Amino acid sequence: MRLRNIKGSREIIGASDYVIHDMDQCPGRWGEIFGNDNPIHIEIGMGKGKFLLELARENPGINYVGIEKYSSVLLRAIEKQREEELPNLRFLRMEAEHLGQAFGEGEVQRIYLNFSDPWPKDRHAKRRLTSREFLARYDGVLEKNGSVEFKTDNRELFDFSLEAAKGAGWKLLACTYDLHREKELMEGNVMTEYEERFSAQGNPIHKFIICR
Ligand code: SAH
């Protein structure tokens, strides 16, 4: 997702209390940031934040951190959060490969990846958020029983991700090629912006949940 460059977006982000500005200060201090020791769930590549805002509203006992690399996109999430002021939601404007700078070992209970960029060229495979390289980063920040939940409508990316997870020794807790027809997995399913768009076009949504 890339929006037109919005004038002043960096300034607005810089002034927002909901954005973590110094990620190097974060590892080991998330309890202080949120003012409690509730579990931390993160979404990497949050886009405009629809999914996380909804989860944060529904689950006040969980702390959510949304990670997004583009200021112009993050701005949309900040605007919504300014209206709602959910105490259990924060944002990081960050390139996901730096995850280990923001979270210490075992600090994250769950990672959501929703409709991640496919990077279809082989030479860009390492950039896919479900590559072995990224799975190793998740391994570093997830707690022992932590999990990664991945949704996409892109079959090639989904199959690549399944292989990467198996190859790296992760266990498959759930897997479907048509989420919206799986009653059990649909319980509590929160639709992301892309999920709404692509399922409305008739594309089946694939989902897996993995843990180590
Ligand atoms: N999760 C949202 C948006 C999907 S689009 C939804 O399902 O509706 C993918 C988003 O991930 C884009 O906003 C893109 O900027 C962001 N993104 C992609 N690669 C990223 C990376 N390496 N680090 C941080 N954000 C990333």
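Scope of this entry: the structure provided in the associated data block.

1. Notes on the overall build of the chain
In step 1: A count of helices and strands for the chain gives 9 helices and 7 strands.
In step 2: Relative to the globule expectation of 17 Å for 212 residues, the C-alpha radius of gyration of the chain, 16 Å, shows essentially globular dimensions.
In step 3: If one aligns the C-alpha atoms of the chain with their principal axes, the spans along those axes are about 40 × 35 × 35 Å.
In step 4: Out of the 212 residues belonging to the chain, those deemed buried represent 47%.

2. Thoughts on the environment of Phe115
In step 1: Relative to the assigned elements, Phe115 resides in the loop between β4 (108-114) and α6 (132-141).
In step 2: Residue classification places Phe115 among the buried positions, given a relative accessible area of 7%.
In step 3: Taking C-alpha positions, Phe115 is 9.6 Å from Leu157, a pair spaced 42 residues apart along the chain.
In step 4: Apart from the residues within four sequence positions on either side, Phe115 is in contact with Lys151, Thr152, Asp153, Thr192, Tyr194, Glu195, Phe198 and Ile205.

3. As for the side chain of Ser161
In step 1: Note that Ser161 resides in helix α7 (residues 155-167).
In step 2: Residue Ser161 is classed as buried on the basis of its relative accessible area of 1%.
In step 3: Every residue in contact with Ser161, bar those within four places of it in the chain, is listed here: Thr130, Phe150 and Phe208.

4. Quick look at the packing of aromatic side chains
In step 1: Applying the stated rule across the entire model yields 11 aromatic pairs.
In step 2: Between the aromatic rings of Phe150 and Phe158, the centroid separation amounts to 6.2 Å while the plane-to-plane angle is 15°, which identifies the pairing as stacked. The pair formed by Phe150 and Phe158 is uniform in burial state, with each residue classed as buried.
In step 3: With a centroid separation of 5.5 Å and 85° between ring planes, the pair formed by Tyr194 and Phe198 is classed as edge-to-face. Residue Tyr194 and its partner Phe198 are both found in helix α9 (residues 193-200); the two are separated by 4 residues, about one turn of the helix.
In step 4: In this structure Phe198 comes out as buried when scored by relative accessible area, which is 18%.
In step 5: Put simply, the rings of Phe150, Phe158, Tyr177 and Phe208 pair up and form one aromatic cluster.
In step 6: Of note, Arg128 hangs over the ring of Phe160, and the distance from its end group to the ring centre comes to 4.4 Å.
In step 7: Across from the ring centre of Trp170, 5.7 Å away, lies the NZ or CZ of Arg212, which sits over that ring.

5. With respect to the site of the ligand
In step 1: Around the ligand, the surrounding shell holds 18 residues, and the nearest of these are Gly45, Glu68, Glu95, Ala96 and Thr192.
In step 2: For the ligand, a nitrogen atom lies 2.7 Å from a polar atom in the side chain of Glu95.
In step 3: Here Glu193 contributes a backbone N or O atom positioned 3.3 Å from an oxygen atom of the ligand.
In step 4: Protein contact buries 97% of the 570 Å² of open area that the ligand shows by itself.
In step 5: Here the ligand occupies the largest pocket.

6. Observations regarding the sheet that holds strand β5 (residues 142-152)
Through backbone hydrogen bonds, the strands of a sheet pair up, either in parallel or in antiparallel fashion.
In step 1: The 7 strands are arranged β3-β2-β1-β4-β5-β7-β6 in an open sheet whose pairing can be described as mixed. The outermost strands of the open sheet, each flanked by one partner alone, are β3 (89-93) and β6 (171-176). Ignoring strand direction, the axes of neighbouring strands in this sheet form an average angle of 15°.
In step 2: Strand contacts of α7: β5, β6 and β7 (206-211), with the helix running at about 15° to β7, the strand carrying the most contacts.

7. A short note on the pattern of salt bridges
In step 1: Scanning the model with the defined rule gives 13 salt bridges in all.
In step 2: Its salt-bridge partner being Glu32, residue Arg29 comes within 3.0 Å of it at the nearest N-O pair.
In step 3: Under the relative-accessibility criterion, Glu32 is labelled exposed at 58%.
In step 4: One network of salt bridges, with partners in common, ties together Lys48, Glu193 and Arg197.

8. A closer look at α6
In step 1: Those residues of α6 lying buried are Phe134, Leu135, Tyr138 and Val141. One side of α6 holds all its buried residues, which, seen down the axis, span an arc of 125°. Away from its buried face, by an angle of more than 90 degrees, α6 presents the exposed residues Arg132 and Ala136.
In step 2: Against the buried residues of α6 lie β1 (40-44), α5 (99-102), β4, β5, α7 and β7.

Rules behind the numbers
Residues numbered from 1 in each chain as written. Predicted model: local features only at pLDDT ≥ 70, side-chain atom pairs only at ≥ 80, totals over all residues. Heavy atoms only, no water. Helix = DSSP H or I, 4+ residues; strand = E, 2+ residues; numbered from the N terminus. Rg over C-alpha atoms; globule rule 2.2 N^0.38 Å. Buried < 20%, exposed > 50% of the residue type's maximum accessible area, 1.4 Å probe, protein only. Contact = heavy atoms within 4.5 Å. Phe/Tyr/Trp six-rings, centres within 6.5 Å; stacked < 30°, edge-to-face > 60°. Lys NZ or Arg CZ within 6 Å of the ring centre and 35° of its normal. Near = heavy atom within 4 Å. Polar contact = N/O pair within 3.5 Å; in protein donor to acceptor, adjacent residues only side chain to side chain. Areas by Shrake-Rupley, 256 points an atom, 1.4 Å probe, with all protein chains shown as cover. 1 Å grid on protein atoms, 1.4 Å probe; cavity = no way out; pocket = protein on both sides within 12 Å on 5 of 7 lines; lining within 4 Å. Sits in = over half its atoms within 2 Å of the grid points. Pairing = 2+ DSSP bridges. Axes fitted to C-alpha atoms, helices over the stretch in contact; angles between N-to-C directions. Salt bridge = Lys/Arg side-chain N within 4 Å of Asp/Glu carboxyl O. Arc of directions from axis to C-beta.

Geometric values such as these leave the question of function open.
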